[in-house]
Amino acid sequence: SEYSSTCSYWRFLLVTLIVEMHTIGEYHILVDKFDSYLWKKLTEVFFQNSEGNMYHGLVCRLFFFAIRSNNEKVQKQIFIHSKFLDKAINFYWINPKASYCGSVLKCCNIVRL
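What this report covers is the structure whose coordinates are included nearby. (Residues numbered from 1 in each chain as written. Predicted model: local features only at pLDDT ≥ 70, side-chain atom pairs only at ≥ 80, totals over all residues. Heavy atoms only, no water.)

As for the pattern of salt bridges
- All told, the structure shown has two salt bridges when counted by the stated rule.
- K41 is the salt-bridge partner of E44, the closest N and O atoms lying 3.3 Å from each other. Placement of both E44 and K41 in helix α3 (residues 36-48) is noted, with a separation of three residues, approximately one turn of the helix.
- Take K41: its relative accessible area is 18%, and that puts it in the buried class. (Salt bridge = Lys/Arg side-chain N within 4 Å of Asp/Glu carboxyl O. Helix = DSSP H or I, 4+ residues; strand = E, 2+ residues; numbered from the N terminus. Buried < 20%, exposed > 50% of the residue type's maximum accessible area, 1.4 Å probe, protein only.)

As for helix α6 (residues 84-94)
- Three or more residues of α6 are buried, namely F84, L85 and A88. Mapping the buried residues of α6 onto a view down its axis gives an arc of 90°, with all of them on the same face. Relative to its buried face, α6 has exposed residues pointing more than 90 degrees away, namely W93 and I94.
- Turning to α6, the residues buried within the fold contact α3, α4 (54-68), α5 (72-81) and α7 (101-112). (Arc of directions from axis to C-beta. Contact = heavy atoms within 4.5 Å.)

Thoughts on the environment of I110
- Checked against the element boundaries, I110 lands in helix α7.
- With 46 residues separating them along the chain, I110 and F64 place their C-alpha atoms 6.2 Å apart.
- Those residues within four positions of I110 in sequence are excluded, and the remaining contacts are C60, F63, F64 and I67.

Focus on the state of the cysteines
- Across all of its chains, the model carries zero disulfides by this definition.
- Not engaged in a disulfide, the cysteine C60 finds its nearest cysteine sulfur in C107; these two sulfurs lie 3.3 Å apart.
- Assessed through its relative accessible area of 1%, C60 is described here as buried.
- Considering cysteine sulfurs only, C108 is the nearest to C101, which forms no disulfide, with 10.0 Å between them.
- For C101, a relative accessible area of 3% puts it in the buried group. (Disulfide = S-S within 2.5 Å.)

Concerning the nonpolar core
- Judged by nonpolar contacts, the single largest core of 29 residues is most densely connected at W39, L42, F46, Y55, F63 and F84.
- Elements supplying a minimum of two residues to this core: α1 (2-24), α3, α4, α5, α6 and α7.
- The dominant element in this core, judged by the number of residues it contributes, is α4, at nine residues.
- If sequence neighbours within four positions are ignored, W39 has contacts with F34, L62, F63, A66, V74, Q77, I78 and S82. (Core = buried A, V, L, I, M, F, W, Y, C linked by side-chain atoms within 4.5 Å.)

Structure, rendered in structure tokens:
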């Protein structure tokens, strides 16, 4: 299916990006390069699959890196353009027992802290 191949491709890219971020120790440099299209796509795929999996954890880590980068442009892309938190809260209220709700709560805590 289209979703399966897209999700696999995004997983590969995410794992690669995270490894690179940790390798160079300057995660904010790569996160600064993300554009609003990428954040929209990450958000879309995050909520397409309600099963908790490695992808949700990786998105949480990228979300953490983006918030910690303290880059206003990147944060606008997450909060305004992709509406990640709006969607996260809505999905949590619709189905609070879905397996990805732990990742949703983790992202909300990242913003809070």
